[in-house]
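The primary structure of each chain is shown beneath.
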Amino acid sequence: MRTLLFFLSLTILSCQQTPKSSFNLVSSSSLDSTLIKENTPVSAIDTNRAKEWLRNTIIQFFDGNNTDMQSITTSEYYEFKMDAMNVDLDVEGSLTEVAFKKKWKDKFNLQLHPTQVGFLISGQDWGNIQVAEMITKNVDAEKQTITFKTLIRDEEFNVEYDRDIVLIEQDGQYLIKDVLEYD
């Protein structure tokens, strides 16, 4: 029942037209050092600022002030994730597994995107969400993206979620472009 209410509330939120909000982009010299793949070209994207934005965004999304998922993701990823969360559910606009795969197979790695699970974590319920680890995995200057290997930890339920989170900078703000899920 709780899961159904969660998905229904997400569906209702997705129908509202909300402008992309702008989060405070704070740079911090106290961030952990980042590891960048060898031979990665230098990017115009500020990796420390992006890292701080992502860390704050994840924590804010789960701290009870749930930021609207649509305001922190690209429109394409938002549509994809809404479709993935609602596969084979009895809600308006949901797709069958076959239709979902046909629609998205050329744009996302479906092996690393489970269906019928929530955004950023796969748990239906959560307690105290923290970012346990975040390492810069890849910077793609051509696509203007940064991939962070991210370990999201639920301190209350003692669960960890292993993710690669891809950010893109658009119009002066960071947005989540993809979340690869390894658990």
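This one's a predicted model, so the numbers in the text were calculated from it and none came from an experiment.

A. Representation of the overall build of the protein. The secondary structure content of the protein amounts to four helices and four strands. Ordered by position from N to C terminus, the α and β elements of the protein give α-α-α-α-β-β-β-β. Counting over 183 residues, the protein shows a buried share of 44%. Residue pairs at least 24 apart in sequence account for 61% of intrachain contacts in the protein once pairs closer than 6 positions are excluded. Counting only carbon and sulfur atoms, one obtains 48% of the accessible surface of the protein, whose full area is about 10100 Å².

B. Representation of the environment of Ile121. Summarising the element assignment, Ile121 is placed in the loop between helix H4 (97-104) and strand S1 (129-140). Along the backbone, Ile121 and Asp154 are 33 residues apart, and their C-alpha atoms lie at a distance of 9.3 Å. If sequence neighbours within four positions are ignored, Ile121 has contacts with Phe62, Trp126, Ile129, Ile152, Tyr161 and Arg163.

C. Up close: the side chain of Asp154. Here Asp154 lies in strand S2 (residues 145-154). One buried charge, Asp154, has no salt-bridge partner; the nearest side chain with opposite charge is Arg153, at 8.0 Å. Within the structure, Asp154 has its side chain in polar contact with the backbone nitrogen of Asn128 (distance 3.4 Å). If we skip the residues at most four places from it in the chain, Asp154 touches Asp125, Trp126, Gly127, Asn128, Ile129, Val159 and Tyr161.

D. Spatial organisation of unusual backbone geometry. In the Ramachandran plot, Asp88 falls in the positive-phi region, its phi being about 60° despite a non-glycine side chain. Relative to the helices and strands, Asp88 resides in the loop between helix H3 (75-85) and H4.

E. Here's a closer look at the nonpolar core. Membership of the largest hydrophobic core comes to 34 residues, with the highest contact counts inside it found for Leu54, Ile58, Phe119, Leu120, Ile165, Leu167 and Ile176. Ignoring anything within four residues of it in the chain, the contact list for Leu54 reads Met134, Phe148, Thr150, Ile165, Leu167 and Ile176.

F. Broad picture of the pairing of strand S4 (residues 173-181). Taken across its nine residues, S4 has eight buried, putting it largely inside the fold. By the bridge criterion, eight bridges tie strand S3 (residues 159-170) to S4 in an arrangement that is antiparallel. When the bridges of S4 are listed, Gln170 appears paired with Gln173. Two successive antiparallel strands, S3 and S4, enclose a turn made up of two residues, where Asp171 displays a positive phi of approximately 50°.

G. Main features of the sheet that holds S2. As summarised here, the arrangement of the four strands in space is S1-S2-S3-S4, forming an open sheet in which the pairing is antiparallel. Looking at the sheet topology across the chains shown, the edges are occupied by S1 and S4. Neighbouring strand axes in the sheet, compared pairwise and without regard to direction, differ in orientation by 30° on average. For S1 and S2, the ladder comprises ten bridges, and the chain directions are antiparallel. Paired with Ile129 across the two strands is Asp154, which belongs to S2.

H. How the structure looks around the packing of H3 against H4. As a packed pair, H3 and H4 sit with axes 10 Å apart at the nearest point and diverge in direction by 160°. The angle between H3 and H4 places the two elements in the roughly antiparallel class. Between H3 and H4 the crossing geometry is left-handed. Contacts between H3 and H4 involve Glu76, Glu79, Phe80, Asp83 and Ala84 from the former and Phe100, Lys103 and Trp104 from the latter. The residue inventory of the contact of H3 with H4, partitioned by class, reads four nonpolar, no polar and four charged.

What counts and what doesn't
Per chain, residues are indexed from 1 in the order of the written sequence. In view of the model being predicted, local features appear only for residues whose pLDDT reaches at least 70, and side-chain atom pairs are presented and counted only at 80 or more, with totals across whole chains, interfaces and linings using the full set of residues. Only hydrogens and water are set aside when side-chain values are computed; all heavy atoms of the structure are taken into account. Note on conventions: DSSP H or I runs of at least 4 residues are helices, E runs of at least 2 residues are strands, and numbering of each starts at the N terminus. For every residue, the accessible area (1.4 Å probe, protein chains only) is compared with the maximum for its type, and the residue is labelled buried under 20%, exposed over 50%, or partly exposed between those bounds. Whether two residues touch is decided by their heavy atoms; if any such pair falls within 4.5 Å, the residues are in contact. Only the protein chains shown count as cover for residues, with accessible areas throughout obtained via the Shrake-Rupley method and a probe of 1.4 Å. When charges are counted, Lys and Arg contribute as positive and Asp and Glu as negative, whereas His and the chain ends are disregarded. The term salt bridge refers to a pairing of a side-chain nitrogen on Lys or Arg with a carboxyl oxygen on Asp or Glu at a separation within 4 Å. We call two N or O atoms a polar contact when they sit within 3.5 Å, provided that within protein one can donate a hydrogen and the other can accept it, with sequence-adjacent residues counted only if both atoms are side-chain atoms. Throughout this description, the term nonpolar core refers to a set of buried Ala, Val, Leu, Ile, Met, Phe, Trp, Tyr and Cys residues connected via side-chain atoms within 4.5 Å. Here, a strand pair is defined by DSSP locating no fewer than two bridges between the strands. Axis geometry follows a simple rule: fit a line to the C-alpha atoms, using only the stretch in contact for helices, then measure angles between N-to-C directions, giving values from 0 to 180 degrees. Orientation labels follow simple angle bins: below 35 degrees gives roughly parallel, above 145 gives roughly antiparallel, 65 to 115 gives roughly perpendicular, and whatever is left gives oblique. Here a crossing is called left-handed whenever its near helix is offset anticlockwise from the far helix by less than a right angle, and right-handed whenever the offset is clockwise. Following the grouping adopted for this structure description, the nonpolar residues are Ala, Val, Leu, Ile, Met, Phe, Trp, Tyr, Cys and Pro, the charged ones are Asp, Glu, Lys and Arg, and the polar ones are all others, Gly among them.

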